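Here are the chains, one letter per residue:
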Amino acid sequence: MGAIIMTTVLGLTGIAIYGLLTRRHLIRLVICFNVLEIAVLLAIVYAGFVEGGQAPIVGGAEAAYVSALPHAVALTAIVIAASSTALMLAYVVRIYRTRGSVRIERVRRWRG
Amino acid sequence: MRTGWALLFSVALVGCGIVTLIAGVDLDTHGAIFDYAHHSVQHTGAVNVVSAVLFDYRGLDTLGEATGVLATGLVVAVLAPKARTSMLSVRLSLVVLYGVALVLPFVSVLGFAVILFGHVSPGGGFTGGVVLASTAVFFAVVYTVGGQQSYVLPMDTQKRIENAAIAAFLLVGFGGLVTGGAFLANAATGIPLGEPGSLLSAGLIPLLNLVAGMKVGVGLAIVVVCLFSE
């Protein structure tokens, strides 16, 4: 279980970093950021995993629950991820309006 | 060349991660984490431990999160201020129009239910807020005719609700500071925690859930509708 999840996390991280380094289309960069965020969220949620634990809604009987703190952190991170994605997309729209392209190498004064 | 270096870098990064895992670095820290599940009912009265963490133990972080959404709404509204849409000029069929009209009330009720029962069942202010925002998105997509944007609520009302929600959050926080000795204090203010599992329990958590739900619902609706209008 843990090996599968950590492999997924590492794979997604690798894909996202590679994409961030090689892609030049701004929308694709935003997508790479989202993939990276998903990898991080998966790692955070897995950090609170307890073998055989139930969802942290306290019932009557004593039982093992998965840790609720990473869930709350992940919830916060999801909202912030959505906000930052919206901001990035708004800036992409703005750049397209003013510079006429969303490809980095065609946006003038950005060459380097 | 550049692609090669990027590939090398990504593979090296993933390799470091794999080596860390194989070397047996223990990432499980359950023992070190405070056991919220077995204390939250006693401390906060909330059966949903995630809600208890979000709005009681870590209330200040949640306020920061809500502020982040507020800032995003502001910046997106500044960057994309157009009232006419160019994206949504597609004419939809009658089935879609009536189907959405049929579904919308149920989705709104679901959103409010998820918010109001956030402390006794899965869900909460943020989840329910996103459901509520989805009604606004439905509405904007389906009932935008000829590029003229349509809203569930007028834009000014939405912004007023958003500001009122964040002000209410702060008010609850400072109320806790005055009566309970800590910002966003819950049980320490002397508010009755109620029977755990009932609708009126968990002190101030349902109120904060409602406020956060309004905040997130309206904030995300503003963001999405503003992005549509470009």
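Calculation notes
- Residues numbered from 1 in each chain as written.
- Chains lettered and ligands numbered in written order.
- Predicted model: local features only at pLDDT ≥ 70, side-chain atom pairs only at ≥ 80, totals over all residues.
- Heavy atoms only, no water.
- Phe/Tyr/Trp six-rings, centres within 6.5 Å; stacked < 30°, edge-to-face > 60°.
- Helix = DSSP H or I, 4+ residues; strand = E, 2+ residues; numbered from the N terminus.
- Core = buried A, V, L, I, M, F, W, Y, C linked by side-chain atoms within 4.5 Å.
- Buried < 20%, exposed > 50% of the residue type's maximum accessible area, 1.4 Å probe, protein only.
- pLDDT = per-residue confidence, 0-100.
- Polar contact = N/O pair within 3.5 Å; in protein donor to acceptor, adjacent residues only side chain to side chain.
- Contact = heavy atoms within 4.5 Å.
- Buried area = accessible area lost by both parts, 1.4 Å probe.
- Salt bridge = Lys/Arg side-chain N within 4 Å of Asp/Glu carboxyl O.
- Expected span 1.5 Å × (residues − 1).
- Arc of directions from axis to C-beta.

**Observations concerning the packing of aromatic side chains**
All names here are of chain B. Scanning the model with the defined rule gives one aromatic pair over all chains in all. Aromatic side chains F55 and F126 sit 6.2 Å apart centroid to centroid with 10 degrees between the ring planes, which places their arrangement in the stacked category. Of the two residues, F55 sits in helix α3 (residues 49-57) while F126 sits in helix α6 (residues 125-142), which places them 71 residues apart along the sequence.

**Overview of the nonpolar core**
V49, V53, L54, F55, F126, F169 and L208 of chain B are the most contacted members of the largest nonpolar core, which has 32 residues in total. Within the residue set of this core, elements represented by two or more residues are α3 (69-99) of chain A together with α3, α4 (59-79), α6, α7 (155-180) and α8 (205-228) of chain B. Counting twelve residues, the second largest nonpolar core, distinct from the first, contains A86 and A90 of chain A together with M155 and L227 of chain B.

**Quick word on the confidence of the model for chain B**
Mean pLDDT over chain B works out to 78, with 82% of the residues at or above the 70 mark. Taking the mean pLDDT of every element in chain B, the minimum, 74, falls on helix α2 (residues 40-44) of chain B and the maximum, 87, on helix α5 (residues 94-116) of chain B.

**So, the environment of N209 of chain B**
Residue and element names in this part refer to chain B. The residue N209 is located in helix α8 in this model. Sequence separation between N209 and F55 is 154 residues; the distance between their C-alpha atoms is 7.6 Å. Polar contacts involving the side chain of N209 include one to the main-chain amide nitrogen of G125, which spans 2.7 Å.

**Quick look at the interface of chain B and chain A**
Taken together, the contact between chain B and chain A spans 41 residues of the former and 38 residues of the latter. Summing the contributions of chain B and of chain A, the shared interface buries around 3500 Å²; its carbon and sulfur component is 74%. The largest per-residue losses of area from chain B upon contact with chain A belong to R2, E65 and L79 of chain B, which jointly make up 16% of the total buried on that side. At the boundary of chain B with chain A, the tally comes to zero salt bridges. Our count for the chain B to chain A interface comes out at three residue pairs in polar contact (both at pLDDT 80 or more). Secondary-structure elements contributing two or more residues to the side of chain B that touches chain A are α1 (2-22), α2, α3, α4 and α8 of chain B. Of all the elements, α1 of chain B adds the most residues to the side of chain B that touches chain A, at eleven residues.

**Section: α1 of chain B**
For α1 of chain B, spanning 21 residues, the distance from its first C-alpha to its last is 30 Å, which sits close to the expected 30 Å at 1.5 Å a residue. Residues of α1 of chain B that are buried: A6, S10, V14 and G17 of chain B. For α1 of chain B, the buried positions fall inside an angular range of 55 degrees around the axis, keeping them on one side. Exposed residues on α1 of chain B whose side chains face more than 90 degrees from its buried face are W5, L8, V11, C16, V19 and I22 of chain B. Residues of α1 of chain B that are buried make contact with α1 (2-22) of chain A.

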